[in-house]
Amino acid sequence: MTAVQDASPNPRPRVRAPQQLLFSFLGSLVLDRGYPPISSRVFLHLLADLGVAEAAARATLARMTRKGLLARTREGRTARFSLTPWAEDLLREAKPRVDSPAPFTHPDGEWTLLSYSMPESRRDLRHQIRARLIWAGFGGLRDGLWIAPGRVDIAAIFQGPEFAGLAELADGFYSVPVEGTDVPRLLHRAWDVGAIRAEHESFVATWTPDRGAAGRPLTRLTLLGADWLQVLRTDPGLPAEHLPDGWPSAESTALYRERFAALAPDAAGELRRLLEADTGRR
């Protein structure tokens, strides 16, 4: 099995890839906690509880190591993993938005336009740049032209040695729509507004407290974080005045914060006990 699907009744089945689950776990419970490298046994235990087969879990750890997200060391016959500085930077960069009480709100009327071209010699980076653009809130208006609500730090999108020189090929502008612009129509061109709403509704249906509450706090918190990251990737924070009535972003935000506050203390305690038991097996 390479993904986890929630069996709760909700508008859209929620499928979580193992790497999404580990990013959630590492960002919520490991980042900046001072833990030593964590053994593969702990990761396999967590992912097994989440329905991920051992072969898929081991493959995910290996893939994240190859990508430079995890550093692998050996202690006898045990493999241990820790976040690389790059992965720590990525998680710290995401944390303010993950924790924000208003992650879908931007100053009224401000937009960021970005035009860039990818040289043929760097086509291998297209997927990575696209993923960064989507996380930063951009939607595509047409080939090479992207738009995002609010003021986006464009330089941050092209940070990292692998993107050296690409920022020079990008042109960015902070702007406001010309009077008479049909902004709702523009939003529907750049984003699938219906899919964004469905993502919020699916999150609410899955995490409303009286549904699907089974499972240990550590696994529940990991699932919660993975689902919330998916919502954040999907919704850039479109202006409320241009959205249909009853837009669910405020409801999903409040629900995430309530569920996280309820689960985090017990999940952290469970992880500490797992790590202590694993240390005793050395």
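In the block above lies the structure referred to throughout.
The structure displayed is predicted, hence computed values, not measured ones. (Residues numbered from 1 in each chain as written. Predicted model: local features only at pLDDT ≥ 70, side-chain atom pairs only at ≥ 80, totals over all residues. Heavy atoms only, no water.)

A closer look at the sheet that holds strand β5 (residues 78-83)
Argument step 1. The antiparallel open sheet is built from three strands, whose spatial order is β3-β5-β4. Single-partner strands in this sheet number two, and they are β3 (38-39) and β4 (70-75).
Argument step 2. Here β3 pairs with β5 via two bridges, running antiparallel. Each residue of the ladder has a partner; that of I38, found in β5, is F81. (Pairing = 2+ DSSP bridges. Helix = DSSP H or I, 4+ residues; strand = E, 2+ residues; numbered from the N terminus.)

Some remarks on helix α7 (residues 183-190)
Argument step 1. What α7 keeps buried is the set V183, L186, L187 and A190. End-on, the buried residues of α7 take up no more than an arc of 100 degrees, which puts them together on one face.
Argument step 2. Where the residues of α7 are buried, they touch β6 (111-116), β7 (139-142), β8 (145-149) and α8 (193-207).
Argument step 3. Among the residues of α7, the N-terminal cap falls to D182, whose side-chain oxygen and the backbone nitrogen of R185 are separated by 3.2 Å. (Buried < 20%, exposed > 50% of the residue type's maximum accessible area, 1.4 Å probe, protein only. Arc of directions from axis to C-beta. Contact = heavy atoms within 4.5 Å. Polar contact = N/O pair within 3.5 Å; in protein donor to acceptor, adjacent residues only side chain to side chain.)

Considerations on the pairing of β6
Argument step 1. Where β6 and β8 come together, five bridges link them in antiparallel fashion. Counted as the bridge partner of L114 is W146 from β8.
Argument step 2. For β6 and strand β9 (residues 170-175), the ladder comprises six bridges, and the chain directions are antiparallel. By the bridge assignment for β9, W111 is matched with S175.

Quick look at the pattern of salt bridges
Argument step 1. Within this structure, the stated rule accounts for 15 salt bridges.
Argument step 2. For R80, the salt bridge goes to E75, with nearest N and O atoms at 3.3 Å.
Argument step 3. Looking at E75, the relative accessible area reads 34%, which means it is partly exposed.
Argument step 4. Note that R197 and E201 form a salt bridge whose closest N and O atoms lie 3.2 Å from each other. A residue pair is termed a helical-turn pair when its members lie 3 or 4 positions apart in one helix, as R197 and E201 do in helix α8 at four residues. (Salt bridge = Lys/Arg side-chain N within 4 Å of Asp/Glu carboxyl O.)

A word on helix α4 (residues 85-99)
Argument step 1. The end-to-end C-alpha distance of α4, which contains 15 residues, comes to 21 Å, matching closely the 21 Å that a straight helix rising 1.5 Å per residue would cover.
Argument step 2. Of all the bends in α4, the largest measures some 25 degrees and sits at E93, one to four residues before the proline P96.
Argument step 3. Restricting attention to buried positions, one finds in α4 the residues A87, L91, A94, R97 and V98.
Argument step 4. Elements in contact with the buried residues of α4: α1 (18-30), β5, α5 (126-135), α9 (217-234) and α10 (249-279). (Expected span 1.5 Å × (residues − 1). Bend = angle between axes of the 7 residues up to and from the residue.)

A few points about the packing of aromatic side chains
Argument step 1. Within the structure shown, the criterion is met by seven aromatic pairs.
Argument step 2. Taking 4.8 Å as the distance between ring centres and 5 degrees as the angle between the ring planes, the aromatic pair formed by W228 and Y256 counts as stacked. One end of the pair, W228, is in helix α9; the other, Y256, is in helix α10, with 28 residues separating them in the sequence. The same class applies to W228 and to Y256, which are both buried.
Argument step 3. The interplanar angle of 40 degrees and the centroid separation of 5.8 Å between the aromatic rings of Y256 and F260 together place this pair among those described as tilted. Within this pair, Y256 and its partner F260 are both found in helix α10, separated by four residues, close to a single helical turn.
Argument step 4. For F260, a relative accessible area of 23% puts it in the partly exposed group.
Argument step 5. Cation over ring: R97 sits above W135, and NZ or CZ is 5.5 Å from the ring centre. (Phe/Tyr/Trp six-rings, centres within 6.5 Å; stacked < 30°, edge-to-face > 60°. Lys NZ or Arg CZ within 6 Å of the ring centre and 35° of its normal.)

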